[in-house]
Amino acid sequence: MSKNVLMVVTSHSHIHEGKTTGIWLSEFAEAYTMFNEQGWDVVVASPLGGKAPVDPASVGEEMDPSFAEAAKRLENTVKLSDLSHERFDAIFLPGGHGAMYDLPTDQKLQSLLRDFYESGKVVAAVCHGPAALVGTVLSDGSPLVAGKRVNAFTDREEAETGLASHLPFLLESRLRELGAIFVAAPNWTAHYEADGNLITGQNPQSTVAVTNAVIEQLQRGGTSS
């Protein structure tokens, strides 16, 4: 049965003067390609709509050829404010440092994440994508991540990037502060956690595993529009 997936990417393009950021391309492209191979309908959206920024550090000569095709979907993203959760079966949030800036405070995204989660639909994020979850509060007033097993880019990994001091917060630390049960794996190893319909992965190396978990959950009878 065909599924409908909403992929939400950052619109934020700068960390500090001279240091650009955006989406980590492999995290978007690997997931997009895998959903597309299922024959599923994928809508790509962002807070501002239009062209979404790609972190130049994530683009290189050794990229998988499929990445270039997937990247075309970032040229004209849908504006988040034009969407509702009803038509989709899952929401997927790839990372890149840009996600740390706009996704946690975007009110439309926060309402979408609450609606997806409380409707029993799959909520998935990888690397810095789980930054969107730190601002998500459920209808009962509790943080979405409270008491949930989650995974995301770790503080140790962030220290290796050399960018920690420039970021608005450290993702692992913030998730723990919100009451999440953060389950970390060694740096740069593939790892994800699935707690009910919440699926989160640690780093770029975890994208395929997270995407496979989303596909398996939807094929097992996740919500169908």
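Refer to the structure printed above.
As a starting point, this report considers the structure included with it. What you see is a predicted model, and the numbers here were worked out from it, not measured in a lab. Within each chain, residues carry numbers counting from 1 in the order of the written sequence. A pLDDT threshold of at least 70 governs which residues receive local features in this predicted model, and a stricter bar of 80 or more applies before side-chain atom pairs are shown or counted, although totals over entire chains, interfaces and linings include all residues. Derived side-chain values reflect all non-hydrogen atoms in the structure, with water molecules and hydrogen atoms excluded from consideration.

## Quick look at the layout of surface pockets
Then, in step 1: In the cavity and pocket records, a cavity denotes points on a 1 Å grid over the protein atoms alone where a 1.4 Å probe fits but cannot get out, a pocket denotes an open set with protein on both sides within 12 Å along at least 5 of 7 lines, and lining residues are residues with an atom within 4 Å of a point. Grid points are joined across faces, edges and corners, and a volume is the space filled by probe spheres set on the points. Taken as a whole, the largest pocket holds about 240 Å³ of empty space.
Then, in step 2: Around the largest pocket, the lining is made up of 17 residues, and of these W24, D55, H97, F153 and T161 lie nearest the centre.
Then, in step 3: A per-class count over the lining of the largest pocket returns 8 nonpolar, 6 polar and 3 charged. Lys, Arg, Asp and Glu make up the charged group, whereas Ala, Val, Leu, Ile, Met, Phe, Trp, Tyr, Cys and Pro make up the nonpolar group; the residues left over, Gly among them, are polar.

## Structural notes on the nonpolar core
Then, in step 1: With 35 residues, the main nonpolar core has L6, L109 and L175 as its most contacted residues.
Then, in step 2: For this core, the elements supplying multiple residues, two or more each, are β1 (4–8), β4 (41–46), β6 (90–93), α3 (99–102), α4 (107–118), β7 (122–126) and α6 (171–177).
Then, in step 3: At 5 residues, α4 tops the list of elements feeding residues into this core.
Then, in step 4: Setting aside its immediate chain neighbours within four residues, L175 contacts P130, V134, V145, V150, A152, A180 and F182.
Then, in step 5: By convention a nonpolar core is built from buried Ala, Val, Leu, Ile, Met, Phe, Trp, Tyr and Cys residues, the set being connected through side-chain atoms within 4.5 Å. Categorising residues by exposure relies on relative accessible area from a 1.4 Å probe, with only protein chains included: less than 20% of the type maximum marks a residue as buried, more than 50% marks it as exposed, and the intermediate range marks it as partly exposed. By size, the runner-up hydrophobic cluster in this structure holds 32 residues, among which are A29, A31, I215 and L218. Here a helix means four or more residues in a row that DSSP labels H or I, a strand means two or more in a row labelled E, and each is numbered from the N terminus. Working rule for contacts: check all heavy atoms of both residues, and any pair within 4.5 Å makes them a contact.

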